[in-house]
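A closer look at the structure
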Amino acid sequence: MLNIISGILSPQAAAAVANSYESIATSTVGSGGVSSVTFSSIPQTFTHLQLRAMYGTTNQNSYLQIGTSGGANTGARGHMLNGNGATAASFNYTAGATGLYLDYYAPSGVTPFYVSIIDFLDYTDTNKNKTVRALSGGDWNGSGEVDISSFLFATTNAITSITISGTATKQYSSFALYGIKG
Amino acid sequence: MAAGATYTPIATTTTASSAASVTFSSIAGTYTDLVIIVNAGASTNADLHLQFNGDTATNYSRTVLSGNGTSATSSRQSSVAYYRADNVGYLNTSFPNFVGVINIMNYSNATTYKTALSRTNNAGTGVDASVGLWRSTAAITSIVLFPDIGTLTNGSTFTLYGIAAA
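None of these values were measured; they are calculated from a predicted model. (Residues numbered from 1 in each chain as written. Chains lettered and ligands numbered in written order. Predicted model: local features only at pLDDT ≥ 70, side-chain atom pairs only at ≥ 80, totals over all residues. Heavy atoms only, no water.)

As a further point, take the overall build of chain B. Regarding its fold elements, chain B presents 0 helices and 13 strands. The globule rule puts the C-alpha radius of gyration for 166 residues at 15 Å, and the 15 Å found for chain B is close to it. Dimensions along the principal axes, computed over C-alpha positions, put chain B at roughly 45 × 35 × 30 Å. The buried share of chain B, taken over its 166 residues, is 52%. In chain B, the proportion of contacts linking residues at least 24 apart, taken out of those at least 6 apart, comes to 75%. (Helix = DSSP H or I, 4+ residues; strand = E, 2+ residues; numbered from the N terminus. Rg over C-alpha atoms; globule rule 2.2 N^0.38 Å. Buried < 20%, exposed > 50% of the residue type's maximum accessible area, 1.4 Å probe, protein only. Contact = heavy atoms within 4.5 Å.)

See below:
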C-alpha cells in the first residue's frame, strides 16, 4: 500500500502526455472583412482551449466579444484591468453581458493590430461553470492599451462553439484555436 | 479535428560568463507565433529589452500595465530603439526572481507590423503586462534580448518556442 501511495504522489509516476498542445482551426479574414468569426464542432478531446487572435476593426472605440455555445446566463459577469498608457483602471460588467470583452478601445486601422490570448479552462467539464480569461493589447506608437480580463458564463454546458463578434474585423485579422490536453 | 501538435521548442540558451545579451537567430518562418520563456537575473537593477532583426532604430513602442504592491499604473514609451518587456517587475540580482512569457504574434507574415504581448514579474518588486509594437512588416528572423544596463546573471535561461496554426 505504501508503494502505491508513494507512486501516486511521485511526479515521476505521472505518464507524460505527448503532443499536449494542438492546433484545431484557424480563421483568417480576407478582403472586405467579416462581422463575426465562429469556430464550431470543437472537439471535446482536450482539457483546455486557447484562442490566439490578431485583429483590426472597422470602428474606432469598439470591441470584440467572445461568446460560446452555452451562452451567458443569470449570474454571468466579467471584469477587466486596463492600462491606456497614462492610467490604470478596472471595470466590471453584468447587465446584458453576453461574453468576454477583449478590449476597451480597439484600433480602427489595418495596421498595427490588436492581439489577444484567451484561455477557456476545463471547457468540456459539465460540473463546472465556464470561465475564460484573456491577456490583450495593442500599441500604436503614441497610443494603445493593455488589458487583463475574465468572464464567467454561469453555465456548466460544455463549450462546443466559439463566436467572436461585436464589430467587423478587417482584412488580415486572424484567429487561431488550439487545444491543450491534461 | 485537430490539425496537429505544435508549441515546439526551437532553442534554449543558458547564460554564462556575464553575458550582455542573448540572441536567437535564423528563426524559421514555419510557425505563426513565437513564445519566449525567460527566467533571468542581472548584475544590477535592469529592464529587459528586445530588438528584432538587428533593428536599432527608433521603430519600437509599448504600453504597459503595472502593479508594485502599492498601486496600479500604466505608462508608455513611443519611438524608442527597443521593446521593453517589463516595468516594475524588472531584472535584478535576486536571481531567479524574474520570470516572463513574451508572445510575438504573427511574426512571420510580411503584411502587418509586429506586436508582442508579455507578462513579466519579479516576485520581489512587481508584476507587469505589456504590449509592444515594432513598426516593420518584415518577418522576424532574429531576436536579441538584453538588460538595458549591466549583464545577465549566469544561469539565466531563455527558451524559444514556435506555435503553428492550422
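This brings us to the nonpolar core. Residues Ile36(B), Ile102(B), Ile104(B), Ile143(B) and Leu145(B) are the most contacted members of the largest nonpolar core, which totals 31 residues. Examining the composition of this core, we find that 4 residues originate from one element, strand S4 (residues 33–40) of chain B, more than from any other. The residues touching Ile104(B), leaving out its near neighbours within four places in the chain, are Asp33(B), Leu34(B), Ile36(B), Phe52(B), Thr115(B), Ala116(B), Ile140(B) and Ile143(B). One finds Ala97(A), Tyr123(A), Phe175(A) and Leu177(A) within the second-largest nonpolar core, a separate group that totals 30 residues. (Core = buried A, V, L, I, M, F, W, Y, C linked by side-chain atoms within 4.5 Å.)

Right, let's get into the pattern of salt bridges. This model, assessed by the stated rule, comprises 7 salt bridges over all chains. In this structure, Asp125(A) engages Lys128(A) in a salt bridge whose closest nitrogen and oxygen atoms are separated by 3.7 Å. Taking relative accessible area as the criterion, Asp125(A) reaches 23% and is therefore assigned partly exposed. The class for Lys128(A) is partly exposed, based on a relative accessible area of 37%. Residue Arg84(B) is joined to Asp47(B) by a salt bridge in which the shortest nitrogen-to-oxygen separation is 3.4 Å. Of the two residues, Arg84(B) sits in strand S8 (residues 83–84) while Asp47(B) sits in the loop between S4 and strand S5 (48–52), which places them 37 residues apart along the sequence. (Salt bridge = Lys/Arg side-chain N within 4 Å of Asp/Glu carboxyl O.)

In this assembly, 43 residues from chain A lie in contact with 43 residues from chain B. When chain A packs against chain B, close to 3100 Å² is buried across both sides, 65% of that on carbon and sulfur atoms. Of all residues in chain A, Arg52(A), Asp139(A) and Asn141(A) bury the most surface against chain B, accounting for 20% of the area lost on that side. Put simply, chain A and chain B have 1 salt bridge between them. For Arg52(A), the salt bridge identified is with Asp33(B), shortest N-O distance 2.6 Å. For the pair chain A and chain B, the interface holds 18 residue pairs in polar contact (both at pLDDT 80 or more). (Buried area = accessible area lost by both parts, 1.4 Å probe. Polar contact = N/O pair within 3.5 Å; in protein donor to acceptor, adjacent residues only side chain to side chain.)

With that out of the way, let us pick up the sheet that holds S5(B). Residue and element names in this part refer to chain B. One open sheet holds the 4 strands; their spatial order is S3-S12-S5-S8, and the pairing between them is antiparallel. Looking at the sheet topology across the chains shown, the edges are occupied by strand S3 (22–24) and S8. For S5 and S8, the ladder comprises 2 bridges, and the chain directions are antiparallel. Bridge pairing links Leu-50 to Tyr-83 in S8. (Pairing = 2+ DSSP bridges.)

Right, let's talk about the confidence of the model for chain B for a bit. Confidence in the prediction for chain B averages 95 pLDDT; 98% of positions are at 70 or higher. Two numbers describe this predicted complex: its pTM, 0.91, and its ipTM, 0.95. (pLDDT = per-residue confidence, 0-100.)

Attention shifts here to the layout of surface pockets. Considering only enclosed or pocket space, the largest pocket measures out at about 500 Å³ in volume. Contributing to the lining of the largest pocket are 23 residues, with Gln50(A), Ile117(A), Asp119(A), Arg133(A) and Leu135(A) lying nearest its centre. Secondary-structure elements contributing two or more residues to the lining of the largest pocket are strand S3 (48–55), strand S5 (77–83), strand S8 (114–120), strand S9 (131–139) and strand S10 (144–152) of chain A together with strand S9 (98–105) of chain B. Examining the composition of the lining of the largest pocket, we find that 4 residues originate from one element, S3(A), more than from any other. Partitioned by chemical class, the residues of the lining of the largest pocket number 13 nonpolar, 6 polar and 4 charged. (1 Å grid on protein atoms, 1.4 Å probe; cavity = no way out; pocket = protein on both sides within 12 Å on 5 of 7 lines; lining within 4 Å. Points joined across faces, edges and corners; volume = space filled by probe spheres on them. Nonpolar A, V, L, I, M, F, W, Y, C, P; charged D, E, K, R; others polar.)

Attention now goes to unusual backbone geometry. Residues and elements named next belong to chain B. Although it is not a glycine, Ser-18 adopts a positive phi angle of roughly 50 degrees. Residue Ser-18 is classed as partly exposed on the basis of its relative accessible area, which comes to 43%. Backbone geometry places Ser-26, a non-glycine residue, at a positive phi of 55 degrees. Mapped onto the fold, Ser-26 is located in the loop between S3 and S4.

This part is about the sheet that holds strand S2 (residues 37–39) of chain A. Residue and element names in this part refer to chain A. Taken in spatial order, the 4 strands of this open sheet run S2-S11-S4-S7, and their pairing is antiparallel. Two strands bound the open sheet, and with one partner strand each, they are S2 and strand S7 (100–101). As paired strands, S2 and strand S11 (residues 162–165) are joined by 3 bridges and run antiparallel to one another. Note on S11: the bridge partner recorded for Phe-39 is Ile-162.

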